[in-house]
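Understanding the architecture of this molecule
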Amino acid sequence: MFKVFANRNFLEGVLLDKTPKNWYNIFMSGNVAEVYVPEDLIDENIDSMGATDIIDNLQLLGTTVTTAAEYINEIPQNPRHILENPNAVFLLDIEANDAKNIQNKYGVICQSFDAIDDEVLTKTYEYNLFEGQKDIDWSIYFDKSNHTLPSNALIICDRYIFSADAKSCAKVAQNAIELGLSNIRGILNSVLPKRYNDEYNVLIVFDSSTFGKNEEELEMFESIVANLKDYADSNKKTRYYKIRFDLISIDHNCINYKKLHNRRIISNYFVVRADYKLQAFKDNLSTSTQTIFYDALFSKIVPMKPSGPDSPIKSQIQTINSIRELIQNGNCRKYASIVDKQNNIDVITVCKACTNRLIL
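Here goes a summary of the coordinates provided. Not measured: the values here are computed from a predicted model.

Charged atoms that come close allow side chains of opposite charge to pair. Across all of its chains, the model carries eight salt bridges by this definition. Among the ionic pairs, Arg-244 bridges to Glu-199, the shortest N-O distance being 3.3 Å. One end of the pair, Arg-244, is in strand E9 (residues 243-250); the other, Glu-199, is in the loop between helix H7 (170-191) and strand E8 (200-206), with 45 residues separating them in the sequence. Of the residues examined, Arg-244 reaches a relative accessible area of 21% and is grouped as partly exposed.

Time to look at the packing of aromatic side chains. Summed over all chains, the structure comprises 21 aromatic pairs. Where Trp-138 meets Phe-281, the ring centres are 5.2 Å apart and the plane angle is 85°; that geometry is what we call edge-to-face. One end of the pair, Trp-138, is in helix H6 (residues 138-144); the other, Phe-281, is in strand E12 (residues 281-282), and 143 residues separate them in sequence. Phe-281 matches Trp-138 in its accessibility class, with the two residues each being buried. On the basis of an interplanar angle of 70° and a centroid distance of 6.3 Å, the ring pair of Tyr-231 and Phe-245 is categorised as edge-to-face. Of this pair, Tyr-231 sits in helix H8 (residues 215-238) while Phe-245 sits in strand E9; the two residues are 14 residues apart in sequence, bridging distant segments of the chain. We note that Tyr-231, like Phe-245, is buried. Taken together, the aromatic side chains of Tyr-125, Tyr-127, Trp-138, Tyr-141, Phe-142, Phe-270, Phe-281 and Tyr-294 make up a single cluster linked through ring pairs. Between Arg-273 and the ring centre of Phe-293, over which it is positioned, the NZ or CZ distance is 4.0 Å.

Reading the values: the criteria
- Residues numbered from 1 in each chain as written.
- Predicted model: local features only at pLDDT ≥ 70, side-chain atom pairs only at ≥ 80, totals over all residues.
- Heavy atoms only, no water.
- Salt bridge = Lys/Arg side-chain N within 4 Å of Asp/Glu carboxyl O.
- Helix = DSSP H or I, 4+ residues; strand = E, 2+ residues; numbered from the N terminus.
- Buried < 20%, exposed > 50% of the residue type's maximum accessible area, 1.4 Å probe, protein only.
- Phe/Tyr/Trp six-rings, centres within 6.5 Å; stacked < 30°, edge-to-face > 60°.
- Lys NZ or Arg CZ within 6 Å of the ring centre and 35° of its normal.

And the structure:
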């Protein structure tokens, strides 16, 4: 659910003057679920072309408008409150440097009215790979996509990210797990913010049934847990903030299984989609012929038209809702939660403790 925190002057400029252009198109797409303003909505001094008309227009687009004066006005003094809405956009009446510092510390888009980036949510990039292509990995891919969007949470969703292409012996299966882990590390090293001041959340959704049965599946799942725990421990030493991993293995019999087939990297403001697999790179080589797409949430908007089902914002919402349903229905094969310096990590079959900000 996409939210915007802004004041009446900004909304007037967007809806009445149609500027900034991209923000006008974003609102007209009908995908802004909620708008919060610092002003009182009941104001006898508002003329017929003022906020009352703006509120009516937003409601016609399916957007609710609510007063949140105390919350918005408190952000400059208590900026961590911004994480109560981790994938909202905050357009505030504060200095540009103050907004930038809040954005860097908490991974939420925060901009000053004096320095609004109208293109922040419309960037797009696609990279065509061929099998065996040299000198390419996730860091190069994200550099080419000009990835600069902030984030505080990530979902890596690929049922087969730890699987071999076909049934095979235990050694080949273990190599597939190592390849999946290598790509996850590559993704994280490219996406994790350098300047950040809170716990970063990573959720990985996959299918562990390909590992084998019972003890073999549990053993391989636990090897993934151990590897990610090491990564969380080492990250604390280099980036100085915690990572919390949640691992969910989905059951192929659950109703959400097919909905979670598409290979996605979902974050607060962007979606990466792979044609074939997220096991995309090995030793600076492409592992397959495919296209990998990078899209900010509103990169596919068409002026005055609702977003289609394949748009990034719809893809983000659909993936998140499917994972929520999975958790609520208890349809997981295995679940583990990992933080740094955690000695004992239990692998269980109930994942209702998942704390990823994008899911809550």
